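Okay, here's what each chain looks like letter by letter:
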Amino acid sequence: MKTLHNGIDRLEFLLVIEAVLQHRTITRAAQALDVSQSALSHTLARLRTRLGDPLFVRVGGEMRPTPLVTRLAEPIGRSLRIIRDEVLSPPSFDPATTTRVFNVCVGEVGAFIIVPRVLRLLRERAPHAHIVALDVSRREIVPALEEGRLDVAIGYYPELKTSLYQQQLFTRTFVGIVRDDHPRIGQRLTLRQLRSVALVRSPGTLAINRWLDNRLGGADREAVVMEMPYVMALAPILAESDWMGIVTEELVPAFRKLAPLRAVELPAGLPRIPVRQHWHRRYKDDAANRFIRQAIYDALNEA
DNA sequence: ACTGTCTCACCAACGGGCGT
DNA sequence: ACGCCCGTTGGTGAGACAGT
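Conventions we followed
- Residues numbered from 1 in each chain as written.
- Chains lettered and ligands numbered in written order.
- Predicted model: local features only at pLDDT ≥ 70, side-chain atom pairs only at ≥ 80, totals over all residues.
- Heavy atoms only, no water.
- Phe/Tyr/Trp six-rings, centres within 6.5 Å; stacked < 30°, edge-to-face > 60°.
- Helix = DSSP H or I, 4+ residues; strand = E, 2+ residues; numbered from the N terminus.
- Buried < 20%, exposed > 50% of the residue type's maximum accessible area, 1.4 Å probe, protein only.
- Axes fitted to C-alpha atoms, helices over the stretch in contact; angles between N-to-C directions.
- Parallel < 35°, antiparallel > 145°, perpendicular 65-115°, else oblique.
- Left-handed = near helix turned anticlockwise from the far one by under 90°.
- Contact = heavy atoms within 4.5 Å.
- Nonpolar A, V, L, I, M, F, W, Y, C, P; charged D, E, K, R; others polar.
- Near = heavy atom within 4 Å.
- Polar contact = N/O pair within 3.5 Å; in protein donor to acceptor, adjacent residues only side chain to side chain.
- Pairing = 2+ DSSP bridges.
- Salt bridge = Lys/Arg side-chain N within 4 Å of Asp/Glu carboxyl O.

(A) Representation of the packing of aromatic side chains in the model. Throughout the structure, instances matching the rule amount to four aromatic pairs. Their ring planes at 50° and their centres at 5.4 Å tell us that phenylalanine 93 and phenylalanine 291 sit as a pair that is tilted. One end of the pair, phenylalanine 93, is in the loop between α4 (67–88) and β3 (101–105); the other, phenylalanine 291, is in helix α12 (residues 287–301), with 198 residues separating them in the sequence. A relative accessible area of 13% places phenylalanine 291 in the buried class. With a centroid separation of 6.2 Å and an interplanar angle of 20°, the aromatic rings of tyrosine 165 and tryptophan 279 are classed as stacked. Note that tyrosine 165 is positioned in strand β6 (residues 164–172) and tryptophan 279 in strand β12 (residues 273–280), a separation of 114 residues in sequence. Using a relative accessible area of 35% as the deciding quantity, one classes tyrosine 165 as partly exposed. An aromatic cluster is defined as three or more aromatic residues linked by ring pairs; in this entry it consists of Phe93, Phe102 and Phe291.

Put into structure tokens, the structure is as follows:
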């Protein structure tokens with residue numbers, strides 16, 4: 001069988017050189033490596049053949065390194081230190097001291113609803129950690145999670161299945177929102193009213209929009225529909241008009257702070273949207289990733 | 001004589017190559 | 001994909017050899 005290289009191609013060889021350098025006898029080096037003297041002698045013999053150098057020669061009562069080993073001693077020690085410290089010892093994760101930046105994909109709505117709660121919880125559990133909220137396109141989510149550019153993606157992504165794990169955080173219910181003194185809309189809305197009211201649709205409501213299209217679309221639709229990509233921009237529009245917005249229920253308090261607006265109950269049958277956090281299987285057991293997932297879950301599910 | 005190293009014979013495990 | 005063959009590796013114990 002061919003070997004990969006003619007020189008040092010095994011970690012054991014580095015360990016042998018290090019041990020003999022340190023202990024200066026094959027017997028003691030063998031004890032330190034927990035092998036027999038004979039086994040270590042064999043390994044040394046193989047290494048001698050490969051490197052074409054005696055490596056260690058007996059001088060007096062000890063094995064002295066040749067110039068080649070003397071020259072290799074420092075890089076070998078450095079390499080083994082790196083392997084021990086950074087490869088063999090799994091990086092520890094301590095929430096109390098971590099300064100890690102967690103990249104979390106949330107849409108605009110999530111930024112309003114989820115991020116403040118997570119931040120509040122992180123102040124207690126990981127006071128030096130940072131959260132970066134990113135709005136990553138649906139197409140980019142899987143590669144970003146896989147490459148570690150994202151720690152978790154939160155939202156309604158029914159198409160994300162392969163190679164991702166997911167956990168449901170909560171279900172989102174939707175309400176209508178209109179100005180306080182809207183002349184024609186009361187506390188709840190019938191399907192017939194929904195057909196005739198001028199609608200401003202916000203992002204993050206893909207499934208709702210589909211439902212609306214099915215129920216209200218085509219020839220049945222009597223009023224106009226406007227698409228508004230920025231949720232919070234709905235507030236001034238609705239406050240100054242008779243239009244109605246459809247937003248997730250959790251946003252109502254934020255809208256009411258911005259303008260004199262009120263919630264309206266929508267007709268029965270409107271779907272409830274499960275909001276889940278998604279992460280890549282590569283990071284399933286990663287301590288930091290597990291921490292932020294748990295923090296997000298707790299932040300959204302604690303009473 | 002004692003201690004440490006090397007060599008020999010042998011064994012088990014592993015992995016690549018190959019045929020099925 | 002699986003089993004077989006075979007070379008390599010890494011181990012053991014025993015004994016030879018060398019230095020103190």
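(B) The packing of helix α1 (residues 11–23) against helix α2 (residues 26–33), seen in detail. Closest axis-to-axis distance for the α1/α2 pair is 8 Å, and the angle between their directions is 125°. As summarised for this structure, α1 and α2 are arranged oblique, according to the angle between their axes. Helix-helix and strand crossings are classified by hand; for α1 and α2 the assignment is right-handed. In this structure, α1 uses Leu15, Val16, Ala19, Val20 and His23 to contact α2, whose residues at the interface are Ile26, Arg28, Ala29, Ala32 and Leu33. Residue composition of the contact of α1 with α2, grouped by class: eight nonpolar, one polar and one charged.

(C) Up close: the protein's contact with DNA strand B. Surveying the vicinity of DNA strand B reveals the residues Thr25, Ile26, Thr27, Gln37, Ser38, Ser41, His42, Arg48, Arg58 and Met63. The sugar-phosphate backbone supplies 50% of the atoms of DNA strand B found within 4 Å of the protein. Contact distances for DNA strand B include 2.7 Å between a phosphate oxygen and a backbone N or O atom of threonine 27. With respect to DNA strand B, the side chain of histidine 42 contributes an N or O atom lying 2.7 Å from a base nitrogen.

(D) Structural view of the sheet that holds strand β5 (residues 152–155). Sheet architecture is open: five strands sit in the order β4-β3-β5-β12-β6, paired in mixed fashion. Of all strands in the sheet, those with a lone pairing partner are β4 (130–134) and β6, marking the two edges. Across the sheet, the axes of successive neighbouring strands diverge by a mean angle of 25°, strand direction being ignored. Sheet topology note: the β3/β4 ladder contains five bridges and is parallel. Among the inter-strand pairings, phenylalanine 102 is bridged to a residue of β4, identified as isoleucine 131.

(E) Molecular detail of the pattern of salt bridges. Across all of its chains, the model carries 10 salt bridges by this definition. The partner of arginine 125 in a salt bridge is aspartate 298, with the nearest N and O atoms 2.8 Å apart. Of this pair, arginine 125 sits in helix α6 (residues 115–125) while aspartate 298 is found in helix α12, placing the two residues 173 residues apart along the sequence. Measuring nitrogen to oxygen at the nearest pair gives 2.8 Å for the salt bridge that ties arginine 149 to glutamate 147. Counted as one network, the salt bridges with shared partners bring together Arg179, Asp181, Arg184 and Asp242.

(F) Examining the pairing of strand β10 (residues 244–248) more closely. With five of its five residues buried, β10 lies for the most part within the structure. Relative to β10, strand β7 (residues 174–179) is paired through four bridges, and the arrangement is antiparallel. Looking across to β10, one finds that isoleucine 177 is bridged to glycine 245. For strand β8 (residues 199–201) and β10, the ladder comprises three bridges, and the chain directions are parallel. Opposite valine 200, over in β10, you have glycine 245 as the bridge partner.

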